[in-house]
Structures are given as C-alpha cells and as structure tokens.
Amino acid sequence: MSIRVRYAPSPTGLQHIGGLRTALFNYLLAKSSGGSFILRIEDTDRERFDERSLQDIYDTFRWFGIQWDEGPDVGGPFGPYVQSERVTRYQEFALQLMGSGFAYEAFDSADDLREAREDGKQGYDPVFRDMPESEKQRYRDQGVQPVIRFRTPDEGTTVFEDAVLGRVKRKNRDIVTDPVLLKSDGFPTYHLAVVVDDHHMEISHVLRGQEWVPTTGLHVLLYEALGWEPPTFCHLPMVLGKDGQKLSKRHGATSVVEFRNAGYLPEAVMNYLSRLGWSYDDSREFFSRNDLETLFDVAKLSKSPAVFDYRKLDWFNGSYIREKSDAEIHDLILPFLLREGLISDPPETGQQSTIRTAVPLIKERMRVLSDAPDLLRFVLADISEWNVDELVPKKTPAADVPWYLERAKELIRDADAVPDEVLEERFRATATELGVKLGNLLMPLRVAVTGSTASPPLFGAIRLLGIETSIARVDACITLLNNST
Ligand code: GLU
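Note that residues are indexed from 1 along each chain, following the sequence as it is written. In view of the model being predicted, local features appear only for residues whose pLDDT reaches at least 70, and side-chain atom pairs are presented and counted only at 80 or more, with totals across whole chains, interfaces and linings using the full set of residues. Side-chain descriptors were evaluated using all non-hydrogen atoms of the structure, hydrogens and water having been removed beforehand.

Remarks on the overall build of the protein chain
- Looking only at helices and strands, the protein chain has 20 helices and 11 strands in total.
- The C-alpha radius of gyration of the protein chain comes to 31 Å, more than 25% above the 23 Å expected for a compact globule of 485 residues.
- Expressed along its principal axes, the backbone C-alpha trace of the protein chain runs to roughly 100 × 45 × 40 Å.
- Exposure categories follow from relative accessible area, calculated using a 1.4 Å probe and restricted to protein chains: below 20% of the type maximum is buried, above 50% is exposed, and the middle band is partly exposed. A buried classification covers 50% of the 485 residues belonging to the protein chain. Helix numbering and strand numbering both begin at the N terminus, where a helix is a DSSP run of H or I of at least 4 residues and a strand a DSSP run of E of at least 2. C-alpha atoms define the radius of gyration, and 2.2 Å times the number of residues to the power 0.38 defines the globule rule.

Here is the structure:
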C-alpha cells in the first residue's frame with residue numbers, strides 16, 4: 001500500500017513553528033517513500049474560524065517551498081479537502097454510529113456546551129445517555145437541536161501501536177466520556193471529522209504532535225465502531241522551550257510569519273526543523289531539502305521532546321546566508337531595507353549600487369535578513385545625531401575622545417587606496433606609539449562613521465561611505481564632543 005500522509009491545520013490562528021515541523025515531517029515521509037502528501041483544512045470550528053489564518057496557511061507554505069500532491073487548491077481524487085465542504089459525510093457517519101448504538105442524541109443547549117467548553121469540560125450530561133426515546137421526543141418537540149455524542153465504553157482498554165512510542169494503552173474509562181461528534185449546527189467535531197477523513201482519504205500514516213496522544217484512544221474506538229482499520233499513528237516529539245515548557249511566546253517567536261518577517265531563510269528553517277526530533281546520525285547537521293527528501297525515515301524519530309534553540313537557528317541561518325551569492329542576498333534584503341524606509345521603491349540607481357557593493361561586507365555579519373537595515377543604515381541614511389555614550393569608550397574621559405578621533409582621521413585619509421591589513425597595522429603601530437589602546441582609536445571612529453558600535457567591518461564601511469563623508473562625520477563628532485564637555 002502506498003504511503004499517504006496529511007497535514008491538517010485548523011485555520012484558527014497563525015501557523016505555529018511546531019505545526020510547520022509536523023507538516024515538514026509528513027511531507028518528507030511522503031517524498032522519501034514515493035507516497036503522497038495531502039493538505040486538508042480542518043475548519044469545522046466555525047466560532048474560531050479565521051479567514052486570515054486560512055490565508056496564512058497558504059502564504060506559509062509558498063514561502064517554505066513545500067507543495068502538497070492533493071489539497072484544496074490543487075484538487076485530487078479524494079476531495080473536497082476542506083472539511084466544511086464535506087459536512088454531509090460526517091452527518092452520515094454520525095447517524096450510522098447512532099444506528100449501531102455507538103452514539104446517541106443529547107439535548108444539551110448550545111449555551112451549556114459553550115460554558116462547559118470555556119471551563120475546559122466536555123459538557124457531558126449523563127442524563128441523555130440512556131434516556132428513552134419518548135422523553136427525547138419532548139426536546140425535539142420543543143425545537144431543541146440535538147448534538148450526537150459517542151458512547152465511550154465504561155470498561156476495557158484501548159490499545160494502539162505507535163510507530164514512535166510503541167504500544168500505547170489507555171483504559172476506556174480514562175478516555176473522554178461521551179464526547180460530542182456532531183454539533184447542533186450539524187457540523188462535526190474534530191474527532192469525528194478526523195477519523196472519517198483519514199479513512200476516506202486513505203491516509204496510511206498519521207504524523208502529528210504528541211499532544212494528540214490522549215485523544216488517539218478515542219479515535220481508535222471510533223475506527224472500531226465504524227468497522228475501519230486505523231492508520232499507523234506516529235506521534236512526534238513535542239517542541240519545548242529551553243525551560244522544558246511547551247514552546248510559547250515567552251520563549252520568543254512562535255508563528256511562522258514572525259520568522260519570515262525577521263528574515264529567516266526557508267532552507268535554514270527547514271534544516272533546523274528537520275532536526276527537532278529526528279536525526280540521521282549523531283553528528284550530521286546540514287541537510288539540503290534533497291537530502292531530507294531521500295534520507296528521512298520514521299524509524300529515526302525520537303520519543304523524547306525536542307528543545308527549540310533560537311541561537312542554533314540563528315547559526316543555521318547565518319550559515320545559509322553565507323552560502324548565497326551576493327546577487328541573491330542583494331535581492332533578498334531589498335524588502336527589508338524598503339520596510340525600514342531606507343530605500344525607495346524601486347531603489348534608485350545609486351542605492352542599488354551602494355547595496356551591491358555593501359553585500360560582501362555585511363554578509364559575514366548577518367544572522368537574519370532583517371539585520372541588513374541596521375548594518376546599512378549608515379550608508380543609506382544621513383546621520384546627524386550620535387549617541388555620545390557610544391562615542392566615548394568605557395573608562396575613557398569624554399574630553400580625550402576628540403583627540404583620538406583627530407588621530408584616527410589622519411590614518412584613514414587614503415583608505416581608498418590602502419588594503420585592510422595595512423590600515424590595521426597602521427592603527428596598531430599608532431596606538432603603540434601614542435601609548436593608547438587600539439580600541440580607543442577604533443571604537444570612536446566606528447561610531448562616528450557608522451553611528452553604531454555594531455557595524456560592518458570598519459575600513460570597508462569607510463570606503464563604502466566615501467572618505468570625504470567619513471571624515472565629515474568624524475569632524476561633526478569632534479564638534480559635538482567639544483561642545484558637550
Ligand atoms: N486540525 C488538527 C490541528 O489543528 C489536526 C490534528 C491532527 O493532525 O489530527 O492540529
């Protein structure tokens with residue numbers, strides 16, 4: 001049987017980075033096994049449905065660069081791939097379950113259910129479980145719309161084999177009691193819809209986060225009640241923050257759009273995510289998409305949680321940035337410079353050539369593409385104000401700094417014609433000769449020229465800006481310091 005997997009997001013919030021990992025692992029299993037990857041939109045919670053979240057799913061994957069074989073936009077033999085367009089099927093199976101005694105009608109009011117949900121309960125009222133038909137009819141006569149509830153067995157144990165966790169057992173009495181399958185608006189709940197769809201879309205493997213393990217017992221019971229074979233479950237290790245808690249806003253960015261806006265490269269994110277709970281061997285860290293598409297193997301998924309390490313992701317991203325050509329980086333940083341108002345749209349010719357010359361200089365220093373504006377602000381915008389605290393190195397009297405700047409200024413007059421090593425040597429020799437620290441010559445100069453203590457390599461920055469402008473900035477800082485002391 002060929003492998004069929006699905007990513008089944010609910011459009012109720014922005015795509016989470018953990019969800020992207022789930023999607024990736026599904027995609028990789030399909031690719032590595034010659035199977036099919038399906039996108040299914042689980043939009044049956046109409047109260048929480050959000051149009052922007054739906055768009056965000058498509059935007060996320062266009063950016064990430066993975067494509068499904070079947071889905072709402074591309075179609076496929078098992079469509080529709082949007083649950084709200086399949087409602088009659090769920091109703092059909094809810095009725096089948098009622099007919100076979102596995103489900104029953106309950107007349108909880110919508111308000112009761114909402115209140116119960118807000119309290120984190122299922123809103124289970126045992127009164128309807130074995131209520132005689134005649135009594136139920138009274139509710140119908142009053143126009144109360146029923147919900148259909150599953151009849152969870154009181155006894156016994158439900159067992160399933162998980163490809164990652166092994167055998168998982170759950171006492172039926174610990175499985176949620178009589179959950180709603182079909183709501184009074186005729187829409188299914190997640191549990192019914194997921195089972196019906198995974199079966200009808202011939203999903204062979206369900207890869208999803210371990211947070212779904214507690215409900216899988218219920219799904220298995222539903223498969224049994226409907227007389228269907230469950231798929232193979234592969235519950236993926238959780239993605240936690242460094243403190244061992246579920247990854248959340250407290251740890252940093254969590255939605256994929258935040259990573260996109262910060263300028264992470266999709267290939268770096270893919271490489272990083274691929275290692276959250278999966279490893280090829282103990283040492284290899286870099287994987288291209290092609291590598292992953294061939295090497296991914298469910299057998300190498302880990303049981304234990306993965307820790308999301310933002311610094312490690314930055315490191316990956318920096319490495320991928322450095323692998324790109326200067327022309328690629330040029331194109332990639334333009335939207336970030338535009339967003340900060342540092343260039344016009346389209347960029348003027350002068351801006352274009354400045355950026356082109358600057359790319360090799362800043363590439364080494366970038367972790368994310370959004371670092372570019374700060375690294376290039378000095379050359380794309382005028383600096384008319386300096387932070388005096390930054391101009392004055394620590395433990396140095398402010399009154400001495402103009403003197404350092406004067407010395408430094410003399411050393412850069414011909415920086416255009418002199419290689420970096422010679423300039424470095426010149427600064428070193430001068431510092432020794434004057435009996436001062438090298439940093440006291442360089443740091444104020446860096447701040448004067450670039451407006452910041454964190455800048456691209458200094459001599460390159462001076463050349464990029466032009467000697468004349470650089471010297472004018474140094475002079476402006478000398479005046480500023482003289483006036484402020
Ligand atoms: N719609 C569910 C979610 O939002 C899918 C869970 C599953 O993969 O079964 O995560």
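A look at unusual backbone geometry
- Here the residue pair Gly 79 and Pro 80 is connected by a cis peptide bond, since its omega of -5° sits within 30 degrees of zero.
- Mapping Pro 80 onto the fold places it in the loop between α2 (51-64) and α3 (87-99).
- Asp 345 connects to Pro 346 through a cis peptide bond whose omega is -5°.
- With respect to the secondary-structure elements, Pro 346 resides in the loop between α12 (326-339) and α13 (349-363).
- Despite not being glycine, Asp 178 shows a phi value in the positive range, around 40°.
- Summarising the element assignment, Asp 178 is placed in the loop between β6 (166-171) and β7 (180-182).
- What makes Asp 178 buried here is its relative accessible area of 0%.

So, the site of the ligand
- Within the structure, the ligand sits among Arg 6, Ala 8, Ser 10, Glu 42, Tyr 190, Val 194, Arg 208 and Trp 212.
- Polar contact criterion, stated in full: a pair of N or O atoms within 3.5 Å, where within protein one must be able to donate a hydrogen and the other to accept it, and residues adjacent in sequence count only if both atoms are side-chain atoms. Between the ligand and Arg 6, the relevant distance is 2.6 Å, taken from an oxygen atom to a side-chain nitrogen or oxygen of the residue.
- Backbone polar atom of Ala 8 to a nitrogen atom of the ligand: 2.8 Å apart, as the coordinates give it.
- When the ligand is considered free in solution it has 300 Å² of accessible area, and contact with the protein chains removes 81% of it.
- Three residue categories are used. Nonpolar comprises Ala, Val, Leu, Ile, Met, Phe, Trp, Tyr, Cys and Pro, charged comprises Asp, Glu, Lys and Arg, and polar comprises the others, including Gly. Residues that form the shell around the ligand fall into these classes: 4 nonpolar, 1 polar and 3 charged. A cutoff of 4 Å decides nearness: a residue is near a molecule or strand if any of its heavy atoms lies inside that distance of it. Surface exposure here means Shrake-Rupley accessible area, sampled with a 1.4 Å probe, where a residue is shielded only by the protein chains that are shown.

Notes on the nonpolar core
- Among buried residues, the Ala, Val, Leu, Ile, Met, Phe, Trp, Tyr and Cys ones that are joined through side-chain atoms within 4.5 Å form a nonpolar core. In terms of nonpolar packing, the biggest core is built from 107 residues, with Phe 308 and Ile 333 touching the most fellow members.
- At 9 residues, the largest contribution of residues to this core is made by helix α1 (residues 17-33).
- Working rule for contacts: check all heavy atoms of both residues, and any pair within 4.5 Å makes them a contact. When near neighbours in sequence (up to four residues on either side) are disregarded, Ile 333 contacts Ile 355, Val 359, Ile 362, Met 366, Leu 369, Ala 372 and Leu 376.
- In this structure, Phe 93, Ile 175, Val 213 and Val 220 belong to the second largest nonpolar core, which totals 34 residues.

Topic: the sheet that holds strand β4 (residues 147-150)
- If you walk across this open sheet you meet the 3 strands as β3-β4-β7, and the pairing is antiparallel. This sheet does not close on itself; its edge strands, each paired only once, are β3 (103-106) and β7. Taking the axes of each pair of neighbouring strands and ignoring which way they run, one obtains an average angle of 45° across the sheet.
- Looking at chain direction, β3 and β4 are connected through 4 bridges and run antiparallel. Two strands are counted as paired when DSSP detects at least two bridges linking them. Axis lines are fitted to C-alpha atoms, over the contacting stretch for helices. Their N-to-C directions set the angle, which ranges from 0 to 180 degrees.

That is the geometry; function is a separate question.
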